[in-house]
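In case you want the letters, here they are:
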Amino acid sequence: EEVKENPQDFFQMDEEVTTKLDYTPAKFIKIVIRRLKFVRRSAKEPDSDEEEQDFCIAPLPPSLKERSLLTPNLAAEIATNRFCDHLPYYRQEQHFLMRHKVHLPRSTMSQWMRDLASDYLIGIYDAMHQQMLEGSYLQADETPIDYLEPGHGSTKKGYLWTLSQPNRNSSEGRGDIFYQWHLGRSASCLRDLLEDDSSKFTGILQCDGYKAYNKYQRGRHEDLKLIGCWAHVRRKFVEAKKNKPKITGWLLKQIANLYRIESQLRKNGSSCSERERVRLWQSLPIYNRLQKALWMLKARANVLPKSPLGKAIDYALSEWGKLKLCFLNGQLEVDNNLIENGIRPTKLGAKNWLFMGSDSAGKTNAIWYSL
């Protein structure tokens, strides 16, 4: 104040800057479009051959849905709440009504998302699928999701099958994730996942030991190469640790050594050629040591085939040839954790909305989750 009263007595020597973080809550905006109608002052002559329009009106601007309240911003808000923040439609309905005094029925929001997926996003979705199939290395997994079937009386189980293209240049190490909805878990689902009308995937597919993958490969798809996942092998031994802590502890330590090598390679930002060199030098001897140990344990009389440890050993040995391939190619990952971590949000969402409203809603969700 004293500077304002006597500015001639002061000069500015510096400034101090203080920063605050403010927030403006979201709000609904009512958009009203008024279009003027016009009519000609003089009607055309009765014997005139010229066709003239007596009435005219400006056309409506482009809209996502004709005769609908939906705008792009509102659609983005609903989709973000549903597929990123995992808010069920009924929770959004309550939120909009309580905080904004706007009633948007959950059935309306669900129908909007279904229409946008089928009318707009399906082209991008198909292009993502096509781009995946043109790659040379993919990871695949599937996760169960419940859905309602009218007349069944309870929920049934469907599956979101997924494909991911690892991208070591991205912050999380993975690229896009493509989701595809199926009512089952058979090898025929893989035919839709890995093929389309114009092409099919013929590169390296990393997956767990589920038998559908082997069945699909044997069905005249020998040009597809399957590699295993060390995380699934480790998981089996973790489950068996309670029964045989000493033996499984040693096996888990060897697998931990493999992951320690991978962690160091990731930390160093190693190239594909460097990863391949280090894996051949350090990881492959551990792999060979584990192989000898597993066959020795399998021959022991005190390791029962039906015990948790026996099942873990059988699973590992059934995948053993596939598990070696990742050490021979620096472009490959040692497990499927990238895609499993990527699809984890769908399971978090399922805990909130419990099930899909119908089997047809599965495709809508697959499209939105992919986008």
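Residues numbered from 1 in each chain as written. Predicted model: local features only at pLDDT ≥ 70, side-chain atom pairs only at ≥ 80, totals over all residues. Heavy atoms only, no water.

### A word on the overall build of the protein chain
Selection criterion: Think of it this way: any DSSP run of H or I at least four residues long counts as a helix, any run of E at least two long counts as a strand, and we number them from the N terminus. In this description the radius of gyration comes from C-alpha coordinates, and the expected globular size is given by 2.2 Å times residues to the power 0.38. Think of it in three bands: with a 1.4 Å probe and only protein chains considered, a residue is buried below 20% of the maximum accessible area for its type, exposed above 50%, and partly exposed in between. His is not counted, nor are the chain ends, whereas Lys and Arg count as positive and Asp and Glu as negative. Lys charges are placed at NZ, Arg charges at CZ, Asp charges at CG and Glu charges at CD.
Helix and strand counts for the protein chain stand at 13 helices and 7 strands. Expected size for 371 residues packed as a compact globule is a radius of gyration near 21 Å; at 30 Å, the protein chain overshoots this value by more than 25%. Oriented by its inertia axes, the alpha-carbon framework of the protein chain measures out at about 105 × 85 × 45 Å. Counting all 371 residues of the protein chain, 40% fall into the buried class. In the protein chain, which carries 56 positive and 46 negative side-chain charges, the distance between the mean positions of the two groups comes to 15 Å.

### Concerning the sheet that holds strand β7 (residues 225-227)
Convention followed: Two strands make a pair as long as DSSP finds a minimum of two bridges between them. Throughout, an axis means a line fitted to C-alpha atoms (over the contacting stretch in the case of helices), and angles, computed between N-to-C directions, take values from 0 to 180 degrees. Throughout, a contact is declared for two residues whenever any of their heavy atoms are within 4.5 Å.
One open sheet holds the 5 strands; their spatial order is β5-β4-β3-β6-β7, and the pairing between them is mixed. Each edge of the open sheet carries a strand with a single partner, namely β5 (174-182) and β7. On average, adjacent strands in this sheet sit at an angle of 30° to one another, irrespective of strand direction. Examined bridge by bridge, strand β3 (residues 137-148) and strand β6 (residues 204-206) share 3 bridges and lie parallel to one another. Bridge pairing in β6 places Tyr137 opposite Ile204. Of the strands in this sheet, β3, β4 (155-166) and β5 are in contact with helix α12 (residues 337-353), which crosses β3 at around 10°.

### Looking at the environment of Leu290
Positionally, Leu290 belongs in helix α9 (residues 272-299). Along the chain, Leu290 and Ala316 lie 26 residues apart, while their C-alpha atoms are 10.0 Å from each other. The contact partners of Leu290, leaving out residues within four places of it in the chain, are Trp230, Trp250, Leu251, Gln254, Ile255, Leu258 and Trp320.

### Some thoughts on the nonpolar core
Threshold: Only buried Ala, Val, Leu, Ile, Met, Phe, Trp, Tyr and Cys residues count toward a nonpolar core, and they belong to the same one when joined by side-chain atoms within 4.5 Å.
Grouped together as the largest cluster of nonpolar side chains are 55 residues, with contacts concentrated most on Met113, Leu163, Leu205 and Tyr213. Residue contacts for Tyr213: discarding those within four places in its chain leaves Ala140, Asp141, Glu142, Trp161, Leu190, Leu205, Cys207, Asp208 and Leu226. Within the second largest apolar cluster, 35 residues are counted, among which are Ile255, Ile261, Ala312 and Cys326.

### Here's the deal with helix α7 (residues 230-239)
For α7, the complete set of buried residues consists of Trp230, Ala231, His232, Val233 and Phe237. Check the buried side of α7 and you find it contacts α8 (245-268), α9, α10 (308-318), α11 (320-325) and α12.

### As for the pairing of β4
Across 10 bridges, the pairing between β3 and β4 is antiparallel. In the sheet register, Glu142 faces β4, and the bridge partner there is Trp161.

### Regarding the packing of aromatic side chains
The condition is simple: When two rings of Phe, Tyr or Trp (its six-membered ring) have centres within 6.5 Å they constitute a pair, described as stacked for plane angles under 30 degrees, edge-to-face for angles over 60, and tilted for the intermediate range.
Counted under the stated rule, the structure contains 13 aromatic pairs. With a centroid separation of 5.6 Å and 5° between ring planes, the pair formed by Phe83 and Trp368 is classed as stacked. Of the two residues, Phe83 is situated in helix α2 (residues 72-83) and Trp368 in helix α13 (residues 359-370); the sequence distance between them amounts to 285 residues. Note on Phe83: relative accessible area 8%, which makes it buried. Overall, Trp368 belongs to the buried group, its relative accessible area being 14%. Ring geometry for Tyr179 and Tyr369: centres 5.7 Å apart, planes at 40°, overall tilted. One end of the pair, Tyr179, is in strand β5; the other, Tyr369, is in helix α13, and 190 residues separate them in sequence.

### Some remarks on a nonpolar patch on the surface
In plain terms, the rule: Patches were defined on residues exceeding 30% relative accessible area and lacking a salt bridge, with like-charge contacts within 9 Å and nonpolar side-chain contacts (Val, Leu, Ile, Met, Phe, Trp, Tyr) within 5 Å. Each accessible area value is a Shrake-Rupley result obtained with a 1.4 Å probe; residue values ignore everything except the protein chains displayed when judging cover. We count a salt bridge whenever a side-chain nitrogen from Lys or Arg sits within 4 Å of a carboxyl oxygen from Asp or Glu.
Among the surface-exposed residues, Ile29, Ile31, Ile33 and Leu60 lie close enough to one another that they form a single nonpolar patch of about 440 Å² accessible area. Assignment of secondary structure puts Ile29 in the loop between α1 (2-5) and β1 (37-39).

### A few points about the packing of α2 against helix α4 (residues 106-133)
Worth spelling out the cut-off: Put simply, angles under 35 degrees are roughly parallel, angles over 145 are roughly antiparallel, angles from 65 to 115 are roughly perpendicular, and the rest are oblique.
Two elements in contact, α2 and α4, have axes whose closest approach is 11 Å; the angle formed by their N-to-C orientations is 100°. In terms of orientation, α2 and α4 fall into the roughly perpendicular class. Along its contact with α2, which presents Leu74, Ala75, Ile78, Ala79 and Phe83, the element α4 presents Met109, Trp112, Met113 and Leu116.

### Topic: the side chain of His182
Stated precisely, the cut-off is as follows: In the analysis that follows, any N or O atom pair within 3.5 Å is treated as a polar contact, provided that within protein one partner can donate a hydrogen and the other can accept it, and provided that, for residues neighboring in sequence, both atoms belong to side chains.
Tracing the sequence through the fold places His182 in strand β5. His182 gets classed as buried once you look at its relative accessible area, which sits at 11%. A distance of 2.8 Å separates a polar atom in the side chain of His182 from a polar atom in the side chain of Gln180. If we skip the residues at most four places from it in the chain, His182 touches Gly158, Tyr159, Trp161, Cys189 and Asp192.

### Some details on the packing of α2 against helix α3 (residues 89-100)
Filter applied, for reference: In a left-handed crossing the near helix is turned counterclockwise from the far helix by less than a right angle, and in a right-handed crossing that turn is clockwise.
For the pair α2 and α3, the least separation of the axes is 10 Å and the interaxial angle reads 130°. With respect to α3, the element α2 is oriented oblique. Note on packing geometry: the crossing formed by α2 with α3 is right-handed. Note on element contacts: α3 touches α2 through Tyr89, Gln92 and Phe96, opposite Glu77, Ile78, Asn81, Arg82 and Phe83.

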